[in-house]
Amino acid sequence: MTDSSSKQPTFQSQELSTSAIPAPPHWLCQIGYWFRIGFSLFLLLSVLIGAAGCSSSAATVPWREAAAVVPEAVIEQVIQTNIDMDVAQAKETLLAWTVDGKEGKLTLFNFNTPNLCGALGCLYTGYWLRENQSAVEVFQNYLNPNLPSNKPLFQVGEDRGQVLPCLKVLQMQGDSLRDGKAERLRQLNYCFNGDRYQLADSQLLSS
């Protein structure tokens, strides 16, 4: 007959050895602490950088592929009227931005190709689009798109009582290599006169 009492001490010793897990060393605790601090800082910086990126992109013109903004017939009209390029090729780079007006919409076109850029800048055109009416060109200008990263080339301007809103256009003024003056931004205000856009006024912005 087996004596069960003789096995009892062995069972208790096994139970004690498995429950008495030693605490981790101090250096390992320190690593875990600094890891948590570093990870928290990483998350904070990611949020801040993301917010800065959003504010920067919000300051640029929201160009989209023209095919996603206007009908095919309007795209062909814009290309054939303004440039001497293959229509299919020009469609691939043509960008558009639409602004709502009281009657219809103003759609600006950015040809987005160095072939249409020169000493005066790059070609931009604007068309007045109304339902059941042909598209009418109301804006055409050569503008320099090279601006500080947080400054948009175009912005919607004042109403001034017209069916289409004014346009605020930013351009750099001054050439430090030529006249010794630092470059500054000038805001050009183009307003619709019932027929097309014309320069209404401008002002030199502070640095």
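That block above? That's the structure.
Residues numbered from 1 in each chain as written. Predicted model: local features only at pLDDT ≥ 70, side-chain atom pairs only at ≥ 80, totals over all residues. Heavy atoms only, no water.

## Some thoughts on the layout of surface pockets
Just so we agree on the cut-off: Only protein atoms enter the 1 Å grid, on which a cavity is a set of points fitting a 1.4 Å probe that cannot get out and a pocket is an open set with protein on both sides within 12 Å along at least 5 of 7 lines, lining residues being those with an atom within 4 Å of a point. Grid points are joined across faces, edges and corners, and a volume is the space filled by probe spheres set on the points. Helical segments are the DSSP runs of H or I of at least four residues, strand segments are the runs of E of at least two, and each set is numbered from the N terminus. Side-chain classes are defined by residue name, with Ala, Val, Leu, Ile, Met, Phe, Trp, Tyr, Cys and Pro counting as nonpolar, Asp, Glu, Lys and Arg as charged, and the others, Gly among them, as polar.
Empty space within the largest pocket amounts to approximately 190 Å³. Lining of the largest pocket is provided by Pro62, Arg64, Val69, Val70, Pro71, Val74, Ala96, Trp97, Thr98, Lys105, Thr107 and Leu129. Looking at the lining of the largest pocket, the elements with two or more residues in it are strand E2 (95-100) and strand E3 (105-110). Counting residues per element, the lining of the largest pocket draws most heavily on E2, at three residues. Tallied by class, residues from the lining of the largest pocket come to eight nonpolar, two polar and two charged.

## Focus: the side chain of Asn189
Rules: Accessible area is worked out with a 1.4 Å probe on protein chains only. A residue is then buried under 20% of its type maximum, exposed over 50%, and partly exposed in between. Nitrogen and oxygen atoms within 3.5 Å of one another constitute a polar contact, given that in protein one can donate a hydrogen and the other can accept it, and given that sequence-neighbouring residues count only through two side-chain atoms. Working rule for contacts: check all heavy atoms of both residues, and any pair within 4.5 Å makes them a contact.
Residue placement: Asn189 occurs in strand E9 (residues 184-192). With relative accessibility at 7%, the residue Asn189 sits in the buried group. Reaching out from Asn189, the side chain makes a polar contact with the side chain of Gln187 at a distance of 3.0 Å. A polar contact of 2.4 Å, which involves the side chain of Asn189, links it to the side chain of Asp201. With residues up to four places along the chain from it excluded, the contact list for Asn189 reads Leu167, Lys168, Gln198, Leu199, Ala200, Asp201 and Gln203.

## A look at the pairing of strand E5 (residues 121-129)
Let me state the cut-off plainly: Think of it this way: DSSP has to see at least two bridges between two strands before they count as a pair.
Across the nine residues that make up E5, a large majority, nine, are buried. Two elements, strand E4 (residues 117-118) and E5, share two bridges in a ladder whose sense is antiparallel. For Cys117, the partnering residue across the bridge sits in E5 and is Cys122. Hairpin connection between E4 and E5: a loop of two residues separates the two successive antiparallel strands. Hairpin connection of E5 to strand E6 (residues 136-143): six residues between the antiparallel strands, including Asn132 at a positive phi of 65 degrees.

## Things to note about the environment of Asn144
Residue placement: Asn144 occurs in the loop between E6 and strand E7 (154-156). Leaving out residues up to four positions away in the same chain, Asn144 has contacts with Gly121, Leu153 and Gln171. A distance of 3.0 Å separates a polar side-chain atom of Asn144 from the backbone nitrogen of Asn146.

## Details of the environment of Thr107
Tracing the chain through its elements places Thr107 in strand E3. With 20 residues separating them along the chain, Thr107 and Tyr127 place their C-alpha atoms 5.3 Å apart. Those residues in contact with Thr107 that sit more than four places away from it in its chain are Val69, Val70, Ala96, Trp97, Thr98, Thr125, Gly126, Tyr127 and Leu129.

## Quick notes on the nonpolar core
What counts is decided by this rule: Here, the term nonpolar core denotes a set of buried Ala, Val, Leu, Ile, Met, Phe, Trp, Tyr and Cys residues that are joined through side-chain atoms within 4.5 Å.
Formed by 24 residues in total, the largest nonpolar core has its most connected members in Phe139, Leu153, Phe154 and Tyr197. The set of elements that each furnish at least two residues to this core consists of E2, E3, E5, E6, strand E8 (167-173) and E9. The greatest single-element share of this core, amounting to four residues, is contributed by E9. In contact with Phe154, not counting residues within four places along its chain, are Val61, Trp63, Trp97, Leu108, Tyr124, Phe139, Leu143, Lys168 and Val169. The next biggest cluster of nonpolar side chains, apart from the first, holds 17 residues, and it includes Val74, Leu94, Leu129 and Ala135.

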